Amino acid sequence: MPRVAPLRPRLAVPLTVALLLVGLTACSAEPADTAAADAADTRTVETAYGEVEVPTEPLRVVAVSYDTPWQLAAVGVTPVAMQDYSAYAESFTADQQELIADTDTVGAFFDLNIEAVMAAEPDLIVGDVLEIDEATFDELSKIAPTAIFEGEYRGDWRVIGASIADAVGNADAFDSAEAAYDEELARVQEEYADVIERPWAAIGDGDVEGGFSVLYPGGSVGALFFDDLGATLAPSIPEEEDGDKGWMYISPELTTTVLSGAEIIVTGANPAGELSASLAGTLTTPLFTELPASASGQVYGVWSSVTDYGTALEWLESVEQTVLIPASAS
Amino acid sequence: MGLIVAVVVLLATIVGSLAVGARYIPPADVLRALVDAVEGRGSGEIHEIVVGLRLPRAFVGAVVGASLGVAGALIQALTRNTLADPGILGVNAGAGFLVTVGIGWFGVGDIQGYVWFSFAGAAAATLLVFVIGNTGPSGATPVRLTLVGVALGALLSGISSMISLLNPTVFDGMRFWGAGTLTSRDEHVLWAVLPFILIGLVLAATVAAPLNAIALGEDLARSLGAGVLRTRITVIVAVTLLAGAATAAAGPIGFVGLMVPHVVRWFVGPDQKWILVYTAVCAPILLLGADVVGRVVVPPQEMQVGIVTAFIGAPVLVYLARRRKITGL
Amino acid sequence: MTRTDRMGRPSLVVRVPRRRGLPAFSQRIDIRLLIVCAGLIAATLAVFLVALSVGDYTIPLRDVVATLTGGGTPQSRLVVGEWRLPRALLGIVLGVALGMSGAVFQSLTRNPLGSPDIIGFSTGAYTGGLVVILLVGGGYLQTAVGAVVGGLLTAALVYVLAYRQGIQGFRLIIVGIGVSATLASVNSWLVTRANLDDALQAALWGSGSLSGLGYTQLWPVLGLLVIVCPILLAHTPALRQLEMGDDAARALGVRAEAVRLSSLLWGIVLVAIATAAAGPIAFIALVAPQIARRLVGTATLSPLPAAFAGGLLLLASDLVAQRAFAPTQLPVGVMTVIVGGAYFVWLLVREGRRR
C-alpha cells in the first residue's frame, strides 16, 4: 500500500499566512475622508476625450504621464503627485530631482496606481494619451476632472505642453517660454553658423557591446539637433529604413563606414555629462578611436531629455557650452 | 563517414564567419589581413574588423556552440525529458541571478566581473538543485531533478526580474548580458573560461559509456559496473562547467543545447559516444551559421545570434520531426 | 458511509436512493481531495478579503464586508467595489482557468513540464499581441483579440505539423518546441525594432498584468468559464484512462484521438481566455497542477485542486506584486514565478525529507 504524504503541514502554511494577513488588516486604521467636491469656478477645455470642466484655479494637480510634471513646472504649477522616477534619478537635472524627492508618487510608467491618485486628493488630473486610454480616463474621472491631451505625434511636447498650460490657466507662461527659446535659438544659429554647417552625427546606445545607434531628424533627440538647431547630417549616414522611429542600430563593423563622414559627433549623456556605460565603451573601441571626429577630439556628450520649453532652453545652453564653443575653437 | 562531412561543414562555417559580415570585405583582403596577423603586423579598418572583431567571434562561437551542444546532450541523457535543455538544472537562472546581484550590490560593470559572477551563480544553482534533488525516496531521479531544477530556476529568474525592474542600473547591465551575443570586446574572457570548458568536455567523454549502460535500466547498469550515482554527479558537474562557462562567456543562448542533440540522435542512434561527438561538431555549425546569417540579413543592423538560431534551427527541427521515424528519449 | 478504497485512501460514498423520476445515484468521493479543495478555497477566501482591504487606502474589514453586502461609504464603494473587487475576482478566476488547463496539458503530454506553451500557445499569443501593439498600434480590446488569434493559429499550426496518423506525444512536444522557439525569435526581433514606449508597453503586457482590469473584463470571462470548465471537467475520467496508455484506454472504450483533440481544444480555450484578459501570465499553468498533485497525494489528473491552487496562487501573487515594494508596483507575471516557484521548491524539499 503506497504511503501517502501527510497533508496537514502542507496546507497549514498557506492557511496560516492567509489568516495572519486577515488578522492584521482587520485591526487597521480608519481611512481619511475623500476631499469634498469644491463648488469653485470652472471652465471648459477641449481634451483628447472630449470636453472637460476644469477648475479655473487648480490647487492640487496630479500628473499621471511621464513628461507631464516638467510640462507643468515649466508654466509655474507644482504637481502634488507624479510617477515614481526615484529609480532613474540620475538622468534628471538638479531642479527636477528636487521636485522628484519632494512629491508623492502614483505608480510608474504605464503602471498607474489609481488608488494613489485618489489618495493625493487632486482637484485636477493631467496627462497625455500615450499612457492613459479611455477606460483609465473614465476611472480617473470618478476621482477628479481629468484632462488628457494628444499631439501630432507621440511625445509631441510642444502641442501637449501648450494644451496643458491652457488647462491650468497659464497659457501666457507657455507662450513667453516659447518666445524665449525661439529667440535664443535664432541667436545661436547666427553666431555659430559655420559650426552648424559642418557634417554632424548623433549617436545613441547600440544593441551589442561596441555598437551604437544613429539618431535621425524627427526622432526625439534628432529633432533637437537637426530640425531645431539645423545641424547638417553627415552624408555617410545611411537612409532611415526602419519606419520613422527616429533611430537605427548599426553593426560595429560599419563604424568607419557610417561615421567617417562626420566632423562632429554628439551623444546623449546624463546631466552630469556622463555617458552610459555601453556608449562609453563604444567610444574606446579601436574602430571608433580611428574616426576623424574622435581623433580631432570632437565627440561630445550632451544631456537631451527635453520635455518643454524650459528644459529646451537648458539644452540649448548646454549645447552652446559643451559643443559649439569648443568646436568653433578647433 | 558522416563525421568527416560534419567537420568539413564546420570548417567551412568558420571560414564563412571570417569572410562574411555587415561590412563587405573582399576575400583577398580578408586573407591578407589574416596573413598579416599571423606575421604580427597589420592595422587599419580591415585589420580591426577581421582580426579584432570576426576572429574572436568565430572562436567564441565554435567553443560556446560545442559547449552548449554537449551540455544539452548530457542533460537529455540524464533527465530523459524531451524538453530538457542545459538551463533546466538552473544554470542560466543561477548565472543571471548572481549577475543581477553583482550589478546591483557590488557595482560590477564590466565583462570581466560578469564572467565570475555568472559562473559562480551557475555552479551554486546546480549544486543546490542536486542537493535538494538527491533527497527523497529514490534520490536524484531524472524526474525529481527536472522538477527541482525548474522550480529553483523559476524562483531565481523571477527574483532577477524583480531586481531588474526595481533597479535601472541592473536593468541596463542585464540588457546586454541577457541578450546572448558572440561579440565580446575582451577575448580574455574566453581564455578565462576555456579551461573549464575543456575539463567539461573531458568529463563528458568519460561518462558516455556509463550513460549508455544506465539507459538500459538502473539495475542492469549497476551490474555492469556503471555507478549510477557517480555517473549522475559527473554529468551534473560536466553540464555546470560547460553550460556555466558558455553562459559566462556569451550570455544565455538557448535552443542550441535543446535542438542539436535531438536531431543528432535521430541520425546516429542512441549510442551516447556518437551523440556527443556529432553534437560537439554540429552545434557550432548551427551557432556560427546563425551568427553569420544575423550579420547580413538586415543591413546595416545585425540580428542577434540568439534570435537567429531559433529562426533557422526550429524549422529544420520541425521538418525533421515530420520526416523521420523519430525516437523519444 | 466512509470506507477505504482499494488503494487505502479513505473516501466518502454518497448514496441517493431511487426517487420518483430519478435513478439511484452513487458516487465515491476521495476525502483527501475534499479536504484539499476546502483548504484551498478557505485560503483563497482569506487572501481575497485581504486584497480587498489593503492598498493605498487601508479599508478595515468591517467596511469591506459592509460594501460587499450593499452598504459602505461612497469611498469604499469606489475603491473596493469598483476597483479592488473585480481585480481580485479576476485574479481568482483567471488562476482557476490556468490551473485547470495546465493540469490537462500535463496529463496529455505525460510530461510534468507540459504546459499550454508546449503547443506554442503562449508564445503565439505574445506574437499576436505584439503585432497589434507594435505594428497596428491598437488598444486593450484589439490586443486581446490579437493575442487570442495568434495563440489559436499557433496551436492549430503545431497540431497540423505534428499530426501523422494521430498525435504522438513526443512529436507534439518537439513540434511545439520548434514553433514556439521560432515565434519567440520573431517576438524578440519585433521588440528590438520598436520605439522605446512601444517596447515598454509590450514588455509590460507580455509579463501579464491585472492592473486596470474591471467589470468589463470580469463578466465575459466568468460567463465563458462557467461554460468551458464543466466541459473540460467532464473529460477527466477519459483522460485518466488515457494516462495508462492508448491501448489500455481503447480497451476500456475510450476513443483516444477524439478525447485528446477535444481536451486540447478546451484547454486552449481556457488559456486563450486568460491571455486575452490579462496578457500571457507565466508559470501558473505549470506549477498549480504540481502543487495540487503533492497536496492530494495522487499522481493522476486532478483538475479541481489544480484549479483552486491556480486561483489562490494568482490572487496571492497579484497582492504581493502590488504591495510588496509599495509604492512601486511589479507585474504580476514576475510574482507568479516567485511565489509559485518558492512554494514549489518548499514542497519538493519537504517531499525529499520525508523518507
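Residues numbered from 1 in each chain as written. Chains lettered and ligands numbered in written order. Predicted model: local features only at pLDDT ≥ 70, side-chain atom pairs only at ≥ 80, totals over all residues. Heavy atoms only, no water.

K.L.:
Account for the overall build of chain C, naming residues and giving values.
P.N.:
Of regular secondary structure, chain C possesses 14 helices and three strands. For 355 residues, the compact-globule formula gives about 20 Å, and the C-alpha radius of gyration of chain C, at 21 Å, lands near that figure. Buried residues in chain C amount to 58% of all 355 residues. Restricting to contacts in chain C with at least 6 residues of sequence separation, those with at least 24 account for 69%. Total accessible area on chain C is roughly 14100 Å²; 65% of this is exposed by carbon and sulfur atoms. Here chain C holds 28 positive side-chain charges and 14 negative ones, and the gap between their average locations is 12 Å. (Helix = DSSP H or I, 4+ residues; strand = E, 2+ residues; numbered from the N terminus. Rg over C-alpha atoms; globule rule 2.2 N^0.38 Å. Buried < 20%, exposed > 50% of the residue type's maximum accessible area, 1.4 Å probe, protein only. Contact = heavy atoms within 4.5 Å. Areas by Shrake-Rupley, 256 points an atom, 1.4 Å probe, with all protein chains shown as cover. Lys, Arg positive; Asp, Glu negative; His and termini not counted. Charge placed at Lys NZ, Arg CZ, Asp CG, Glu CD.)

K.L.:
Could you give an account of the domain arrangement of chain A, naming the residues involved and the relevant values?
P.N.:
All names here are of chain A. According to the domain assignment, chain A contains domain 1 (43-170) and domain 2 (191-329). Between the C-alpha centres of domain 1 and domain 2 there is a distance of 31 Å. The interface of domain 1 with domain 2 comprises eleven residues on the first partner and eleven residues on the second. Summing both partners gives a buried area of about 1000 Å² for domain 1 against domain 2, and 57% of it is carried by carbon and sulfur. It is T93, W157 and R158 that lose the most area in domain 1 upon contact with domain 2, and together they represent 51% of the buried surface on that side. One can count one salt bridge joining domain 1 with domain 2. As a salt-bridge pair, D228 and R158 come within 3.3 Å of each other at their nearest N and O atoms. Summed over the shared surface of domain 1 and domain 2, the number is two residue pairs in polar contact (both at pLDDT 80 or more). Counting residues per element, the ones that place at least two in the side of domain 1 that touches domain 2 are α2 (68-74) and α6 (157-167). (Domains from an automatic or database assignment. Buried area = accessible area lost by both parts, 1.4 Å probe. Salt bridge = Lys/Arg side-chain N within 4 Å of Asp/Glu carboxyl O. Polar contact = N/O pair within 3.5 Å; in protein donor to acceptor, adjacent residues only side chain to side chain.)

K.L.:
Now, about a nonpolar patch on the surface: what can you tell me, with residues and values included?
P.N.:
All names here are of chain B. Together, V20, V293, V296, V297, F311 and I312 line one region of the surface with nonpolar side chains, adding up to about 420 Å² of accessible area. Inspection of the secondary structure puts F311 in helix α13 (residues 305-323). By relative accessible area, which is 41% here, F311 ends up partly exposed. (Patch = residues over 30% accessible without salt bridge, like charges linked within 9 Å, V, L, I, M, F, W, Y side chains within 5 Å.)

K.L.:
Which residues make up the packing of α6(A) against helix α7 (residues 171-191) of chain A, and what values go with them?
P.N.:
All names here are of chain A. Put simply, α6 and α7 touch, their axes get as near as 7 Å, and they point 145° apart. Of the residues in α7, those in contact with R158, G161, A162, A165 and D166 of α6 are A171, F174 and Y181. Here the residues of the contact of α6 with α7 are counted per class, giving five nonpolar, one polar and two charged. (Axes fitted to C-alpha atoms, helices over the stretch in contact; angles between N-to-C directions. Nonpolar A, V, L, I, M, F, W, Y, C, P; charged D, E, K, R; others polar.)

K.L.:
Give a description of the packing of aromatic side chains that names residues and reports values.
P.N.:
Summed over the entire model, instances satisfying the criterion amount to 20 aromatic pairs over all chains. Ring plane angle 75° and centroid distance 5.0 Å describe the contact between A:W157 and A:Y309, whose orientation is recorded as edge-to-face. Within this pair, whereas A:W157 is found in helix α6, its partner A:Y309 is found in helix α14 (residues 309-329), the two being separated by 152 residues in sequence. Ring centres of C:Y343 and C:W346 lie 6.0 Å apart, and the angle between their planes is 15°; this geometry places the pair in the stacked category. With C:Y343 and C:W346 both in helix α14 (residues 332-353), this residue pair falls three residues apart, about one helical turn. Looking at C:Y343, the relative accessible area reads 17%, which means it is buried. You can call C:W346 partly exposed: its relative accessible area is 30%. (Phe/Tyr/Trp six-rings, centres within 6.5 Å; stacked < 30°, edge-to-face > 60°.)

K.L.:
Please give an account of the side chain of A:T267 that cites residues and values.
P.N.:
Mapping A:T267 onto the fold places it in strand β14 (residues 264-268). Ignoring anything within four residues of it in the chain, the contact list for A:T267 reads A:I203, A:L275, A:L279, A:Y300, A:G301 and A:V302.

K.L.:
Tell me about the interface of chain C and chain B, residues and numbers included.
P.N.:
When the parts of a complex come together, some accessible area is lost, and that lost area is often taken as the interface size. At the interface, 45 residues of chain C touch 50 residues of chain B. On the surface where chain C and chain B come into contact, there are one salt bridge. Among the ionic pairs, B:R144 bridges to C:E351, the shortest N-O distance being 3.0 Å. Looking at the side of chain C that touches chain B, the elements that each hand over two or more residues are α5 (140-162), α6 (169-192), α12 (284-296) and α14 of chain C. A class-by-class count of the residues in the side of chain C that touches chain B yields 30 nonpolar, nine polar and six charged.

K.L.:
For the environment of C:V191, give the residues involved together with the corresponding values.
P.N.:
Residue and element names in this part refer to chain C. Along the chain, V191 turns up in helix α6. When its relative accessible area of 25% is taken as the criterion, V191 is described as partly exposed. Separated by 61 residues in sequence, V191 and L130 place their C-alpha atoms 8.0 Å apart. Contact partners of V191, with chain neighbours within four places excluded, come to L130, L134 and A199.

K.L.:
Break down the nonpolar core for me, with residues and values.
P.N.:
In this structure, A:W200, A:F225, A:L229, A:W315, B:L74 and C:L94 are the most contacted members of the largest nonpolar core, which totals 281 residues. Per-domain counts for this core show at least three residues from each of domain 1 (43-170) and domain 2 (191-329) of chain A. Counting 18 residues, the second largest nonpolar core, distinct from the first, contains A:V214, A:Y216, A:M248 and A:A262. (Core = buried A, V, L, I, M, F, W, Y, C linked by side-chain atoms within 4.5 Å.)

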